[in-house]
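Summary of the model geometry
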Amino acid sequence: MTTRRPGLDPELHELLSDMPLMSHLTPEILTRLRQYPSTPVESLLTGRQAEWREVTVPAPDGAQIPLSVFSPAHTDRTTAAPCVYWIHGGGMVMGDRFSQLDIPLEWLDEFGVVVVSVDYRLAPEAGGTTLVDDCYQGLLWVTAHATELGIDPTRIIVAGASAGGGLAAGVALLARDLGAPAIAAQVLICPMLDHRNATTSSLQYSGVPGVWTGEMNAFGWRSVLGGLTGDEVPAYVSPALSGDLSDLPTTYIDTGSAEVFRDEDIAYAGNIWTAGGQAELHVWAGGFHGFDALYPQAHISATARRTRTDWLARVLRRQPPA
């Protein structure tokens with residue numbers, strides 16, 4: 001096992017020292033973690049000029065998929081807004097549609113985007129392609145109701161963090177292969193892309209407590225895949241398996257140098273370039289998994305979030321309203 005590993009950013013190291021860390025996940029630990037409440041959405045909306053509504057979308061099997069829609073208040077309804085379709089993180093086994101919601105809500109403040117966050121079903125209760133299919137069904141609903149939502153269907157950005165980043169990548173592959181809906185860009189924040197969990201960074205951050213370790217990653221993937229192995233694993237679930245990353249929307253990927261997903265995220269960006277696509281990649285020196293979501297006040301976090309927002313501003317400028 002590789003034991004040498006990049007160190008943490010000094011400020012992040014200090015902040016992380018007060019956080020209880022783990023190396024493994026078990027069903028019993030997962031049950032306890034799921035009992036912790038997420039950040040109340042009302043507190044995230046305090047001081048924001050935003051309207052909030054809840055809808056549910058039927059999945060093909062009859063399950064109901066909750067969506068939260070956040071729209072800028074007091075805006076010109078005659079001009080259709082861009083949309084950020086947000087997919088939360090949590091290792092595919094925890095979290096909800098309000099997790100990491102402060103990230104896309106910053107884009108509501110900055111650009112007047114409509115934010116739609118999807119509550120996909122979680123593993124192990126749901127597995128296989130169910131999670132990515134739920135996300136895709138929610139996106140189809142958004143595009144079908146674009147006029148009602150005040151959304152420009154040509155400016156939909158699919159974004160997510162960690163497991164949500166992996167699911168966002170899977171949704172983009174599904175949309176490409178099925179011919180709809182059109183996605184203008186994808187933002188993949190420390191995405192969970194490769195079930196094989198065998199890169200150098202996966203090994204470097206195994207056998208040591210952390211925010212998300214190689215052992216925790218293996219638990220998440222086992223929960224999703226069950227007994228699926230090898231060629232049985234769909235690329236829509238584990239996007240690193242895709243042999244063709246051509247014709248994807250312009251892509252932003254960021255990750256930390258001190259985290260499990262570093263190498264699979266770098267490889268995914270490289271494979272997009274190899275296929276002739278456009279991707280922007282940032283590897284933040286000393287960043288651990290999810291650092292900018294956990295400690296947004298840190299200097300490196302503020303820089304990472306600002307850089308991501310600046311990229312999105314460039315994308316939106318290149319795509320004027322329809």
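The following paragraphs examine the structure supplied in this document. Every value quoted in this text rests on a predicted model; they were computed, and no experiment measured them.

Some details on the packing of helix H4 (residues 102–111) against helix H12 (residues 299–318)
- Where H4 contacts H12, the axes come no closer than 11 Å and their chain directions differ by 50°. Between H4 and H12, the crossing angle belongs to the class labelled oblique. Crossing geometry of H4 relative to H12 is assigned as right-handed. Packed against H4, whose contacting residues are Asp102, Ile103, Glu106, Trp107, Glu110 and Phe111, the element H12 presents Arg305, Arg306, Arg308, Thr309, Leu312, Ala313 and Leu316 at the interface.
- Per-class residue counts for the contact of H4 with H12 are 6 nonpolar, 1 polar and 6 charged.

Topic: the side chain of Ser117
- By the secondary structure assignment, Ser117 is in strand S4 (residues 114–118).
- Within the structure, Ser117 has its side chain in polar contact with the backbone oxygen of Arg97 (distance 2.5 Å).
- Apart from residues no more than four positions distant in its own chain, Ser117 is found in contact with Pro66, Leu67, Ser68, Trp86, Arg97 and Leu101.

Here's the deal with the nonpolar core
- One finds Leu67, Tyr85, Ile87, Tyr120, Val142 and Tyr268 to be the most contacted residues of the largest nonpolar core, which totals 68 residues.
- Among the elements that make up this core, the one with the highest residue count is helix H7 (residues 163–178) (9 residues).
- Those residues in contact with Leu67 that lie beyond four places of it in its chain are Arg53, Glu54, Val55, Val57, Tyr85, Arg97, Val116, Ser117, Val118, Gly138, Trp141 and Val142.
- Listed in part, the 27 residues of the second largest apolar core include Leu101, Ile103, Ile189 and Trp311.

Some details on the pairing of strand S7 (residues 250–256)
- Among the 7 residues of S7, 7 are classified as buried, and the element is accordingly described as predominantly covered.
- Here S7 shows two buried faces, one formed by Thr250, Tyr252, Asp254 and Gly256 and the other by Thr251, Ile253 and Thr255.
- The pairing of S7 with strand S8 (residues 279–284) spans 6 bridges and is classified as parallel. Across the sheet, residue Thr251 finds its bridge partner in S8, namely Ala279.
- Of the crossover connections in this fold, the one passing from S7 over helix H10 (residues 262–274) to the parallel S8 is right-handed.

So, the side chain of His289
- Secondary-structure assignment places His289 in the loop between S8 and helix H11 (291–294).
- Look at His289 and you get buried, because its relative accessible area is 9%.
- Only 2.8 Å separates the side chain of His289 from the side chain of Glu259, close enough to count as a polar contact.
- Ignoring sequence-local partners within four residues, the contact set of His289 consists of Ser162, Cys190, Val211, Trp212, Ala258, Glu259, Phe261 and Leu294.

Observations concerning unusual backbone geometry
- Ala123 connects to Pro124 through a cis peptide bond whose omega is 5°.
- Looking at where Pro124 falls in the secondary structure, it is placed in the loop between S4 and helix H5 (130–144).
- Despite not being glycine, Gln100 shows a phi value in the positive range, around 55°.
- Structurally, Gln100 is set in the loop between strand S3 (81–87) and H4.

Some remarks on the packing of aromatic side chains
- Evaluated as defined, the whole model comprises 4 aromatic pairs.
- On the numbers, 6.0 Å between centres and 90° between planes, the contact of Trp52 with Phe98 is edge-to-face. Highlighted residues: Trp52 in strand S1 (residues 50–58) and Phe98 in the loop between S3 and H4, separated in sequence by 46 residues.
- By relative accessible area, which is 34% here, Trp52 ends up partly exposed.
- According to the relative accessible area criterion, Phe98 is buried, its value standing at 15%.
- An aromatic cluster of three or more residues is present, and its members are Trp52, Phe70 and Phe98.

Some words on the pattern of salt bridges
- All chains considered together, the criterion is met by 18 salt bridges.
- Arg176 serves as the salt-bridge partner of Asp177, at 2.8 Å between the closest nitrogen and oxygen.
- What you see here is one network of salt bridges that share partners, running through Glu54, Arg97 and Asp119.

Calculation notes
Residues numbered from 1 in each chain as written. Predicted model: local features only at pLDDT ≥ 70, side-chain atom pairs only at ≥ 80, totals over all residues. Heavy atoms only, no water. Axes fitted to C-alpha atoms, helices over the stretch in contact; angles between N-to-C directions. Helix = DSSP H or I, 4+ residues; strand = E, 2+ residues; numbered from the N terminus. Parallel < 35°, antiparallel > 145°, perpendicular 65-115°, else oblique. Left-handed = near helix turned anticlockwise from the far one by under 90°. Contact = heavy atoms within 4.5 Å. Nonpolar A, V, L, I, M, F, W, Y, C, P; charged D, E, K, R; others polar. Polar contact = N/O pair within 3.5 Å; in protein donor to acceptor, adjacent residues only side chain to side chain. Core = buried A, V, L, I, M, F, W, Y, C linked by side-chain atoms within 4.5 Å. Buried < 20%, exposed > 50% of the residue type's maximum accessible area, 1.4 Å probe, protein only. Pairing = 2+ DSSP bridges. Right-handed = clockwise from strand over helix to strand, strands pointing away. Phe/Tyr/Trp six-rings, centres within 6.5 Å; stacked < 30°, edge-to-face > 60°. Salt bridge = Lys/Arg side-chain N within 4 Å of Asp/Glu carboxyl O.

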